[in-house]
Every structure is written in C-alpha cells, then in structure tokens.
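# Per-entry structural report
Here is how the chains run, residue by residue.
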Amino acid sequence: MNYNWNWSVLFQEPYLGWLFSGLQWTLLVAIAAWVIAFVLGSAIGILRTVPNRLVRTLAAAYVELFRNIPLLVQLFIWYFVVPELLPEELGLWVKRDMPNPEYVTAVVALGAYTAARVAEQVRSGIQTIRKDLVNAGLAIGLTPLQTYLYIRLPISYRIIVPPLTSEFLTIFKNSSLALTIGVLELTAQARQIENYTFQGFEAFTAATVLYLVITLLVVLLMRLIDQKTRIPGSVGAN
Amino acid sequence: MIKIDNIDKWYDDFHVLKSCSLEVERGEVIVICGPSGSGKSTLIKCVNALEPVDSGRIVVEETDVTAKGTKLPLVRARIGMVFQHFELFPHKTVIENLMMGQIKVLNRSRDEARRKAESLLERVGLSDQADKYPSALSGGQQQRVAIARALAMDPIAMCFDEPTSALDPEMISEVLDVMVELAREGMTMMVVTHEMGFARKVARRVVFMDQGEVKEVAATETFFNNPETDRAKEFLSKILAH
C-alpha cells in the first residue's frame with residue numbers, strides 16, 4: 001500500500017477544531033437523546049406493567065413500532081416526512097424557522113428509538129419483582145402507585161443498570177447516523193477531514209479513539225453507579 | 001371482627017375457594033391447616049384483598065373489604081400480614097423496613113417512626129441488626145423483622161401465611177416464640193401453618209381446608225382428638241405421625 005502517513009494534520013487548524021466540534025455535537029446529540037430515551041422509555045416501560053389493558057397495549061404498540069423499524073429509516077421519516085404531516089403552520093415553522101433543525105430532528109429520532117429499548121429494560125426490571133414483595137408493600141397500606149415509587153422502581157432500576165449501560169453506549173454510537181441528515185458530528189467531521197486532506201486513515205483513527213474514550217468513560221460511570229446503588233446481597237454484589 | 005361470608009374465587013377455570021365462610025372474634029387465634037393447594041393461603045390473602053374474590057363478602061370491623069370503592073390501603077394497613085418468604089424490602093435496611101409504612105401510610109414523623117421501630121426490634125430481639133440489610137440476616141431473623149414490620153402499623157389483626165415453612169428447622173422456634181407471645185397478648189390472629197404444636201399451644205379453633213372448601217372448624221382440642229371428617233383424620237394421621 002502506497003500511503004503517505006501524516007498524523008500532523010490532526011493537530012493543524014482547522015482540522016483539529018473540526019474534530020473537537022464534531023466531538024461536541026456527538027456528545028450533544030447523544031446526551032440530549034438519552035434524556036428523552038430515559039424519561040420516555042421509563043414512562044412507557046412502567047405503563048407496560050399497569051393493570052389497565054388499553055394502556056398496556058398502547059405502550060406495547062409504541063415499543064414494537066419504534067424498535068422494529070431501522071433507525072436510519074426513522075431518522076429520514078422524522079426529517080423528511082413528519083414536517084409534511086404536521087398542521088401547516090407548525091410544519092412551516094419546523095422547516096423554515098426552527099433553530100438547528102437537523103440537530104433537533106436527530107435528537108428526537110434517536111431519543112424516540114432508544115426509548116423503546118429502554119422501555120423494555122424497565123418493563124423486564126419491574127416484572128422480575130416477586131408478586132408477594134409487592135403484596136408486602138400493599139399489605140402495609142401503600143397504594144399501588146406508592147409500591148411503584150418505593151418498591152418496584154427503586155429495585156428494578158438497580159437491577160437494570162448493566163443492560164442500561166449497553167443502551168447508553170449504543171446511543172453514542174448510533175448518534176453517528178445523524179450525519180445523514182447533516183449534523184456535523186464526529187463521524188461527519190472525520191469524513192470532512194478525509195475529503196480535504198486525503199488523510200482518511202488518520203481522520204478515522206482519531207474518530208475511533210474519541211468514540212472509544214467516550215464509551216469507556218460511560219462504562220466507568222455506569223459501573224460506579226452500579227456499585228453505589230447495588231442492593232447488598234443481590235447477584236454479583238460483593 | 002373478621003367475617004368471611006360465603007366467598008367464591010376462581011383462577012380462570014380453577015375453583016380455588018368454594019363458598020368459604022368463617023368468623024374470627026376479637027382476640028381469637030385461629031389456625032388454618034390443610035393439604036397444599038387447598039386454598040388456605042388464598043383465603044388469608046382475601047382478608048386484606050390482596051386477592052380479589054369473585055363473590056361473597058368479607059367484613060373487617062364494619063368495613064366491607066370486598067365492596068367496590070372501599071379504600072383498600074387503609075383497610076390493609078390495619079391488618080398485619082406475614083408472608084412465607086418474608087418479603088422484606090431488599091433495598092432498605094431493617095429499620096427502614098419498619099419505618100416505611102409508618103411514614104408513608106400513617107404519616108408519622110421520622111423520629112416517631114424510628115422510636116416505634118426500635119422498640120419493636122427490641123421486642124423481637126433484633127436491636128443489634130437495625131442497620132443491616134435483610135440479605136445479611138438469617139431466615140428466622142428476617143421473619144421476625146417481617147413480624148415487627150407488620151406490628152409497626154399497630155394492626156388490629158395479624159395474618160400469617162405459612163410463616164415458618166421456608167425456615168431451617170432450628171430457626172422455626174424463634175419465630176414461633178414471637179408469635180406465641182403475640183397471641184398471649186391478645187392479638188387477633190389467622191395463621192396458616194402446619195405447626196401443630198403451635199396450634200395446640202395458642203389456637204382457640206382450627207380450620208381444616210381441602211380442595212377449596214372449609215371442611216371443618218372446631219375447637220383445637222376437639223379437632224386434634226376427635227376430628228369430624230375422614231379427610232381431616234387422614235391429614236392429621238399423616239402430619240402427626242412423624
């Protein structure tokens with residue numbers, strides 16, 4: 001292979017700035033989407049366990065809809081189709097006046113998709129709790145809502161920290177798809193550096209390292225949370 | 001005080017409780033026994049509506065537990081319940097287990113709840129375990145905590161669902177001792193158990209259930225010495241033989 005290695009481009013302007021700008025957008029997309037995914041996913045996961053059948057069915061429908069369509073397709077639908085389906089004025093506003101439309105769309109799409117996956121983790125966490133443990137809460141006079149607040153949720157969130165870690169990692173990796181609708185996140189910037197300098201190996205190596213650093217930090221953070229919140233005596237506890 | 005009036009319950013097409021009736025007076029200790037699958041646990045869980053009934057009525061001190069619109073949390077808070085597998089809240093320390101209901105349901109202050117919890121832990125002999133998590137305790141200790149947790153709500157009656165059947169043999173007596181003491185203090189108790197020694201010691205009456213039916217309700221000595229039904233005779237001969 002005849003390739004002119006030149007690592008120094010990574011440290012020259014404007015390319016260094018591009019990389020950091022890309023890193024920043026990756027973090028902004030992923031973290032904002034995670035907030036949506038966590039809040040919405042928790043709500044839907046909880047609704048999947050309530051006694052009311054209609055509510056359960058609607059929540060299940062959300063999960064099946066959003067986790068069974070490829071994320072890329074969803075992203076395009078949110079970007080190209082949804083604005084056309086909105087009431088005319090709102091649609092116009094989204095297309096013309098909404099600040100940062102690519103960013104907002106990417107966050108919403110990624111958040112809504114990941115919410116379906118978080119919902120499944122939350123649901124399974126809640127459903128691993130024995131019926132009689134919930135009964136014990138009811139027996140001391142807690143309302144069903146209070147059994148969620150003080151028993152079911154505190155226990156199930158502790159159980160699902162490991163699978164949630166995977167979802168949190170995935171959201172950083174999936175955020176790279178935002179480049180398809182024009183968000184200049186890390187992958188897009190690496191590609192741009194390649195276009196300008198023909199130093200693709202260096203650019204993508206830099207992106208790879210930055211992704212790895214982010215995800216390893218996430219793993220560390222989640223491990224810390226796991227250790228801090230773990231129920232003494234549960235599986236895997238020290 | 002507790003009046004179970006002709007209740008029926010189905011799990012899909014399985015008839016778990018067949019026209020069961022039973023009355024428990026204030027201060028009375030009743031032991032419910034019978035082969036597994038006879039509906040004992042289901043019956044006792046109906047008393048505080050942890051299991052809904054399909055027909056019939058259960059009245060606890062003037063409150064119709066089975067009526068629509070009854071504020072169940074308030075009814076349940078007044079009936080202590082002890083489960084076969086303890087069911088302590090695993091993410092809370094022992095003392096927090098005893099405080100939760102007092103604070104969230106009875107609206108007691110933290111200090112008040114803590115004082116009550118401490119005195120109950122002392123009563124069941126577990127003062128030194130207050131700040132441990134349930135998983136660090138033995139089964140017998142966990143069950144005593146569970147009894148204390150129920151007592152923390154100042155219940156008017158206590159229901160026990162096979163409180164000793166998940167315990168190692170040498171831990172059974174520490175739990176039974178607490179229950180005997182409770183019975184002697186005049187607590188109204190419904191106890192599902194196979195501990196016939198306990199029944200003989202404190203129960204005023206014994207209820208024998210089989211296949212979802214209350215087959216026999218008799219004064220304790222009568223039940224052991226002279227059971228009415230053949231099914232009860234057979235049951236007694238099997239469990240008293242060993």
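Residues numbered from 1 in each chain as written. Chains lettered and ligands numbered in written order. Predicted model: local features only at pLDDT ≥ 70, side-chain atom pairs only at ≥ 80, totals over all residues. Heavy atoms only, no water.

Listed by partner, the interface residues are 22 residues for chain A and 23 residues for chain B. Buried area between chain A and chain B, both sides added, is near 2000 Å², and the carbon and sulfur share of it is 66%. Considering only the surface of chain A that becomes buried against chain B, A139(A), I140(A) and Y150(A) emerge as the three largest contributors, covering 29% of it. In this structure, K131(A) engages E51(B) in a salt bridge whose closest nitrogen and oxygen atoms are separated by 3.5 Å. The interface formed by chain A and chain B includes six residue pairs in polar contact (both at pLDDT 80 or more). Of all the elements in the fold, those that place two or more residues in the side of chain A that touches chain B are α6 (131-139) and α7 (144-159) of chain A. Looking at the side of chain A that touches chain B residue by residue, the class counts come to twelve nonpolar, six polar and four charged. (Contact = heavy atoms within 4.5 Å. Buried area = accessible area lost by both parts, 1.4 Å probe. Salt bridge = Lys/Arg side-chain N within 4 Å of Asp/Glu carboxyl O. Polar contact = N/O pair within 3.5 Å; in protein donor to acceptor, adjacent residues only side chain to side chain. Helix = DSSP H or I, 4+ residues; strand = E, 2+ residues; numbered from the N terminus. Nonpolar A, V, L, I, M, F, W, Y, C, P; charged D, E, K, R; others polar.)

A separate point is the confidence of the model for chain B. In this model, chain B carries an average pLDDT of 94, and 99% of its residues clear a pLDDT of 70 or more. Under the prediction, the complex receives an ipTM of 0.94, its pTM being 0.88. (pLDDT = per-residue confidence, 0-100.)

All names here are of chain B. Relative to the helices and strands, C46 resides in helix α1 (residues 40-47). Classification of C46 by relative accessible area gives buried; the value is 1%. Separated by 20 residues in sequence, C46 and T66 have C-alpha atoms that sit 8.6 Å apart. Filtering out sequence-adjacent residues up to four positions away, C46 remains in contact with I7, K9, L17, E51, V53, I58 and V65. (Buried < 20%, exposed > 50% of the residue type's maximum accessible area, 1.4 Å probe, protein only.)

Attention now goes to empty space enclosed by the protein. With the rule as written, the count across this model stands at three cavities of 30 Å³ or more. Reported here for the largest cavity is a volume of approximately 60 Å³. Around the largest cavity, the lining residues are A136(A), A139(A), I140(A), R76(B), A77(B), I79(B), G80(B), M81(B), F83(B), R149(B), A150(B) and M153(B). Within the residue set of the lining of the largest cavity, elements represented by two or more residues are α6 of chain A together with α2 (72-77), β6 (79-82) and α5 (139-151) of chain B. Sorting elements by how many residues they give to the lining of the largest cavity places β6(B) first, with three residues. Partitioning the lining of the largest cavity into residue classes produces nine nonpolar, one polar and two charged. Taken as a whole, the second largest cavity encloses approximately 50 Å³ of empty space. Along the walls of the second largest cavity sit V29(A), L71(A), L75(A), A106(A), L110(A), N174(A), L177(A) and A178(A), which together make up its complete lining. Contributing elements (two or more residues each) for the lining of the second largest cavity: α3 (71-85) and α5 (101-127) of chain A. Residues belonging to the lining of the second largest cavity are distributed by class as follows: seven nonpolar, one polar and no charged. (1 Å grid on protein atoms, 1.4 Å probe; cavity = no way out; pocket = protein on both sides within 12 Å on 5 of 7 lines; lining within 4 Å. Points joined across faces, edges and corners; volume = space filled by probe spheres on them.)

Glancing now at the sheet that holds strand β9 (residues 205-210) of chain B. Residue and element names in this part refer to chain B. The strand order across the open sheet built from six strands is β6-β7-β8-β3-β9-β10, with neighbouring strands paired in mixed fashion. At either margin of the open sheet sits one strand with a lone partner, and together these are β6 and β10 (213-219). Each strand of the sheet is rotated relative to its neighbour by a mean of 15°, with strand direction disregarded. Here six bridges tie β9 to β10, and the two strands are oriented antiparallel to one another. In the sheet register, R205 faces β10, and the bridge partner there is A219. Sheet strands touched by α1: β3 (29-33), β6, β7 (157-161), β8 (188-192) and β9. Its angle to β7, the strand with the most contacts, is close to 150°. (Pairing = 2+ DSSP bridges. Axes fitted to C-alpha atoms, helices over the stretch in contact; angles between N-to-C directions.)

Glancing now at the packing of aromatic side chains. When we look at a pair of aromatic rings, we describe it by the centre distance and by the angle of the planes. Enumeration over the complete set of coordinates arrives at 17 aromatic pairs over all chains. The interplanar angle of 15° and the centroid separation of 5.6 Å between the aromatic rings of W5(A) and W7(A) together place this pair among those described as stacked. What links up through ring pairs into an aromatic cluster is the set W34(A), F38(A), Y157(A), F168(A) and F172(A). Seen from the ring of F89(B), R149(B) lies directly overhead, with NZ or CZ sitting 4.5 Å from the centre. Of note, R200(B) hangs over the ring of F224(B), and the distance from its end group to the ring centre comes to 4.5 Å. (Phe/Tyr/Trp six-rings, centres within 6.5 Å; stacked < 30°, edge-to-face > 60°. Lys NZ or Arg CZ within 6 Å of the ring centre and 35° of its normal.)

What follows concerns the sheet that holds strand β1 (residues 2-11) of chain B. All names here are of chain B. Taken together, the four strands give an open sheet; going across it, the order is β2-β1-β4-β5, and neighbouring strands pair in antiparallel fashion. Only two strands of the sheet have a single partner each, and these edge strands are β2 (14-24) and β5 (63-64). Note that β1 and strand β4 (residues 55-60) share five bridges and pair antiparallel. Paired with K3 across the two strands is V59, which belongs to β4. Relative to the sheet, α1 contacts β1, β2 and β4, its axis offset from that of β1 by approximately 120°.

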